[in-house]
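Structural overview for review
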Amino acid sequence: DAGVTQSPTHLIKTRGQHVTLRCSPISGHKSVSWYQQVLGQGPQFIFQYYEKEERGRGNFPDRFSARQFPNYSSELNVNALLLGDSALYLCASSGGTGGLDGYTFGSGTRLTVV
Amino acid sequence: QKEVEQNSGPLSVPEGAIASLNCTYSDRVSQSFFWYRQYSGKSPELIMSIYSNGDKEDGRFTAQLNKASQYVSLLIRDSQPSDSATYLCAVNFFGDKIIFGKGTRLHILP
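Quick look at the structure, then.

Rules and cut-offs
- Residues numbered from 1 in each chain as written.
- Chains lettered and ligands numbered in written order.
- Predicted model: local features only at pLDDT ≥ 70, side-chain atom pairs only at ≥ 80, totals over all residues.
- Heavy atoms only, no water.
- Helix = DSSP H or I, 4+ residues; strand = E, 2+ residues; numbered from the N terminus.
- Rg over C-alpha atoms; globule rule 2.2 N^0.38 Å.
- Contact = heavy atoms within 4.5 Å.
- Areas by Shrake-Rupley, 256 points an atom, 1.4 Å probe, with all protein chains shown as cover.
- Lys, Arg positive; Asp, Glu negative; His and termini not counted.
- Charge placed at Lys NZ, Arg CZ, Asp CG, Glu CD.
- Buried area = accessible area lost by both parts, 1.4 Å probe.
- Salt bridge = Lys/Arg side-chain N within 4 Å of Asp/Glu carboxyl O.
- Polar contact = N/O pair within 3.5 Å; in protein donor to acceptor, adjacent residues only side chain to side chain.
- Nonpolar A, V, L, I, M, F, W, Y, C, P; charged D, E, K, R; others polar.
- Buried < 20%, exposed > 50% of the residue type's maximum accessible area, 1.4 Å probe, protein only.
- Pairing = 2+ DSSP bridges.
- Axes fitted to C-alpha atoms, helices over the stretch in contact; angles between N-to-C directions.

Some points on the overall build of chain B
Scanning chain B for helices and strands turns up zero helices and eleven strands. For chain B, the sequential pattern of α-helices and β-strands runs β-β-β-β-β-β-β-β-β-β-β. For 110 residues, the compact-globule formula gives about 13 Å, and the C-alpha radius of gyration of chain B, at 13 Å, lands near that figure. Each principal axis of the C-alpha distribution contributes one length, and for chain B these read about 40 × 30 × 20 Å. The contacts in chain B between residues at least 6 apart in sequence include a share of 55% that link residues at least 24 apart. Carbon and sulfur atoms form 48% of the exposed surface of chain B, whose accessible area is close to 5300 Å². With 11 positive and 11 negative side-chain charges, chain B shows a separation of 5 Å between the mean positions of the two kinds.

Right under this line is the structure:
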């Protein structure tokens, strides 16, 4: 079975541009969460979606948005990119809401803003 | 502000010894607790979950939870060089989001 898949793997963008990151959860998983991980830090929670509804939002500016589609895949959008947005963006899925099951992570998208 | 605290390390442990990793969290209303392992350049991998006070063992790994002290730990017995990684403590606070600590870097010395 395929795990959590993320695309693209790597991305280089210029300041001020917009980026869309994509995630497909494990088959049967209905919850998708997004995390940002800066080098040397733990993952920072951005969003959680369950059954296509937003269930949680972390302390990130409105430039960050996300959505979940009927097939439970998800997109993370970041507008007006800043140099500080350079990070590894991780998508994680869970069969339930994740609170009891924990998450399975994808390999991540490495975003570099120049 | 709900927080998860870990010593960033690095923690150096001789091969074959017990590695002890610790984590504290800020909110008593917490449901579940997780330990993830992250190798350099890779994504986190779930290795242990614990929900009730006490110990939970899985192979060489033992997770310990003390909700009264808001403390969770991970013991790795017979440490191997392949255990060298960053270990992330994660807590599900009341609700659905899981918050991670900054991680502890563990070095197993051959």
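Following the structure, the description resumes.
Focus: the interface of chain B and chain A
Between chain B and chain A, the contact holds 17 residues from the first and 21 residues from the second. Both faces combined, the contact of chain B with chain A buries some 1500 Å², and carbon together with sulfur accounts for 52% of it. Counting across the chain B and chain A interface gives zero salt bridges. On the surface where chain B and chain A come into contact, there are four residue pairs in polar contact (both at pLDDT 80 or more). A per-class count over the side of chain B that touches chain A returns nine nonpolar, five polar and three charged.

A few points about the side chain of A:Arg63
All names here are of chain A. Among the secondary structure elements, Arg63 is positioned in the loop between β6 (53-57) and β7 (64-68). Overall, Arg63 belongs to the buried group, its relative accessible area being 18%. Excluding residues that lie within four positions of it along the chain, Arg63 makes contacts with Asn77, Val78, Asn79, Ala80, Leu81, Leu82 and Asp85.

Quick word on the sheet that holds β7(A)
Residue and element names in this part refer to chain A. As summarised here, the arrangement of the four strands in space is β1-β3-β8-β7, forming an open sheet in which the pairing is antiparallel. If you trace the sheet from one side to the other, it starts and ends with β1 (5-7) and β7, each paired once. Along the sheet, successive strands turn relative to each other by an average axial angle of 15°, direction set aside. Bridge analysis of β7 against strand β8 (residues 74-78) gives five bridges, and the strand direction is antiparallel. Across the sheet, residue Phe64 finds its bridge partner in β8, namely Val78.

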